[in-house]
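A structural walkthrough
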Amino acid sequence: MAERPEDLNLPNAVITRIIKEALPDGVNISKEARSAISRAASVFVLYATSCANNFATKGKRKTLNAGDVLSAMEEMEFQRFVAPLKESLEVYRREQKGKKEARKDKDKKADSEEQDKSREEDNDDDDERMEEEEPNDEEEVDN
């Protein structure tokens, strides 16, 4: 756990980026306001995590999952965010599935290429052995 309350704050760079993306161009924010938003975001994350942990504990689990977070959002009366979160979760899962399949395809291709290379090397070795074993016509002269 954090030793000081400041350790629980989200990184300023992250907060600043989120704020800039949320505000229209040309709108500035004071340091004080940015700090307040940072603290509020940190408190929200801690509260959401605590609520989600309660759902995991009720399920006799030590690992929080997406369902726990969605249930926590409803319990915290943030129902209007549940549908967009579910959509984002589905997009994330599809992306992860695509990445996993791409890795499998890449691994299969690499394995296939290794097998092809190994076959070629085996064929080269066989060719060399056959050349060594071929009798030389000049040496086999019957007397």
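Our subject is the structure listed above.
Parameters at a glance
Residues numbered from 1 in each chain as written. Predicted model: local features only at pLDDT ≥ 70, side-chain atom pairs only at ≥ 80, totals over all residues. Heavy atoms only, no water. Helix = DSSP H or I, 4+ residues; strand = E, 2+ residues; numbered from the N terminus. Buried < 20%, exposed > 50% of the residue type's maximum accessible area, 1.4 Å probe, protein only. Contact = heavy atoms within 4.5 Å. Areas by Shrake-Rupley, 256 points an atom, 1.4 Å probe, with all protein chains shown as cover. Axes fitted to C-alpha atoms, helices over the stretch in contact; angles between N-to-C directions. Parallel < 35°, antiparallel > 145°, perpendicular 65-115°, else oblique. Left-handed = near helix turned anticlockwise from the far one by under 90°. Nonpolar A, V, L, I, M, F, W, Y, C, P; charged D, E, K, R; others polar. Polar contact = N/O pair within 3.5 Å; in protein donor to acceptor, adjacent residues only side chain to side chain. Salt bridge = Lys/Arg side-chain N within 4 Å of Asp/Glu carboxyl O. Patch = residues over 30% accessible without salt bridge, like charges linked within 9 Å, V, L, I, M, F, W, Y side chains within 5 Å. Lys, Arg positive; Asp, Glu negative; His and termini not counted. Charge placed at Lys NZ, Arg CZ, Asp CG, Glu CD.

What follows covers the overall build of the chain. Each helix and strand in the chain was counted, giving four helices and zero strands. Counting from the amino terminus, helix and strand elements in the chain follow one another as α-α-α-α. Sorting the 143 residues of the chain into buried and exposed places 11% on the buried side. Within the chain, contacts between residues at least 6 apart in sequence are counted, and of these 36% link residues at least 24 apart. A total of about 12600 Å² of accessible surface is found on the chain, and carbon and sulfur atoms cover 49% of it.

What follows concerns the packing of helix α2 (residues 31-58) against helix α3 (residues 66-75). Interaxial distance between α2 and α3 falls to 8 Å at its minimum, and their mutual angle equals 115 degrees. The orientation of α2 relative to α3 falls into the category roughly perpendicular. α2 and α3 meet at a crossing whose hand is right-handed. Across from Phe44, Ala48, Cys51, Ala52, Phe55 and Ala56 in α2, the residues of α3 making contact are Asp68, Val69, Ser71, Ala72, Met73 and Glu75. Of the residues assigned to the contact of α2 with α3, the class counts are nine nonpolar, one polar and two charged.

Along the chain, cysteine 51 falls in helix α2. Sequence separation between cysteine 51 and serine 71 is 20 residues, and the spatial gap between their C-alpha atoms is 8.4 Å. Excluding residues that lie within four positions of it along the chain, cysteine 51 makes contacts with Ala72, Glu75 and Met76.

This brings us to the environment of glutamine 79. Within the element layout of this structure, glutamine 79 appears in the loop between α3 and α4 (82-133). A polar contact is formed between the side chain of glutamine 79 and the backbone oxygen of glutamate 74, at a distance of 3.3 Å.

Our next topic: the pattern of salt bridges. One pass over the full model with this rule turns up three salt bridges. For glutamate 21, the salt bridge is made with arginine 17, and the minimal N-O distance between the two is 3.9 Å. Residue glutamate 21 and its partner arginine 17 are located together in helix α1 (residues 12-22), separated by four residues, close to a single helical turn. Here glutamate 90 makes a salt bridge to arginine 93, at a shortest N to O gap of 3.6 Å. Note that glutamate 90 and arginine 93 are positioned in helix α4 at a spacing of three residues, about one turn of the helix.

So, on to a negative patch on the surface. On the surface, Asp107, Asp111, Glu113 and Glu114 cluster together into a negatively charged patch. Following the sequence through the fold, glutamate 113 ends up in helix α4. Residue class for glutamate 113 comes out partly exposed when judged on its relative accessible area of 47%.

Below, the discussion takes up a positive patch on the surface. A cluster of basic side chains, namely Lys99, Lys100, Arg103, Lys104 and Lys108, defines a positive patch on the protein surface. Turning to its location among the elements, lysine 108 is positioned in helix α4. For lysine 108, a relative accessible area of 60% translates into the label exposed.

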